[in-house]
Amino acid sequence: MSLPFRRFVGALALVLGGCAAVQTPLGPAGAARAIVEEYIHNGDAKTAGPLTRKNAVADLDELSDADRTEAESLMEQGALGFSVFVPDLSQHIHTSQGPIQGMIKLDRIVFVRDNKVVADFKAR
C-alpha cells in the first residue's frame, strides 16, 4: 500500500471509531424515549418526559400507592420515566362545528435504565 492510501485508511478508521463512541445526538433522554416508543408499539401513543420530581407529581398521582412508591424509588436510582398518553375515545368535546376527538389520557408510565425498560406502571 502506498503511504497516502495508508494515511487515508488510518484517518477513516479514526473517524469511524470516533463516531461509534459518540452518544446519539438526542442524548440519553432521547435514546431512552426511543426505547419507550419501540416498547409500546402503538403509533397513536405519545410520550412525555423524562419525568422529574417537579413535573411528575400529577402523573404519579395516577398510579396506585404501591406503584407510586416504586416509581419514586426508580427515579431516585436514576431511571428515566416517560408518561405514555393514548387517545381517549370516550370523551368528545362538542363545538358549533361538531365534535372534536382530540382528547388524550395517561395510559402508563414506563421507566428506562441502562438502555432497557425496567418498569411499566398502568395508570388508574
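Structural notes, computed from the coordinates.

Here is what the cut-offs are and how they apply
- Residues numbered from 1 in each chain as written.
- Predicted model: local features only at pLDDT ≥ 70, side-chain atom pairs only at ≥ 80, totals over all residues.
- Heavy atoms only, no water.
- Helix = DSSP H or I, 4+ residues; strand = E, 2+ residues; numbered from the N terminus.
- Contact = heavy atoms within 4.5 Å.
- Areas by Shrake-Rupley, 256 points an atom, 1.4 Å probe, with all protein chains shown as cover.

### A word on the overall build of the protein
Counting its regular elements, the protein contains four helices and six strands. For the protein, the N- to C-terminal ordering of α and β elements is α-α-β-α-α-β-β-β-β-β. In the protein, the share of contacts with a sequence separation of at least 24, taken over all contacts with a separation of at least 6, comes to 57%. Here the protein has roughly 8,400 Å² of accessible surface; of this, 57% comes from carbon and sulfur atoms.

### Some words on the side chain of Ser 83
Note that Ser 83 resides in strand E2 (residues 80-87). Excluding residues that lie within four positions of it along the chain, Ser 83 makes contacts with Lys 46, Thr 47, Ala 48, Leu 51, Asp 59, Leu 106, Arg 108 and Ile 109.

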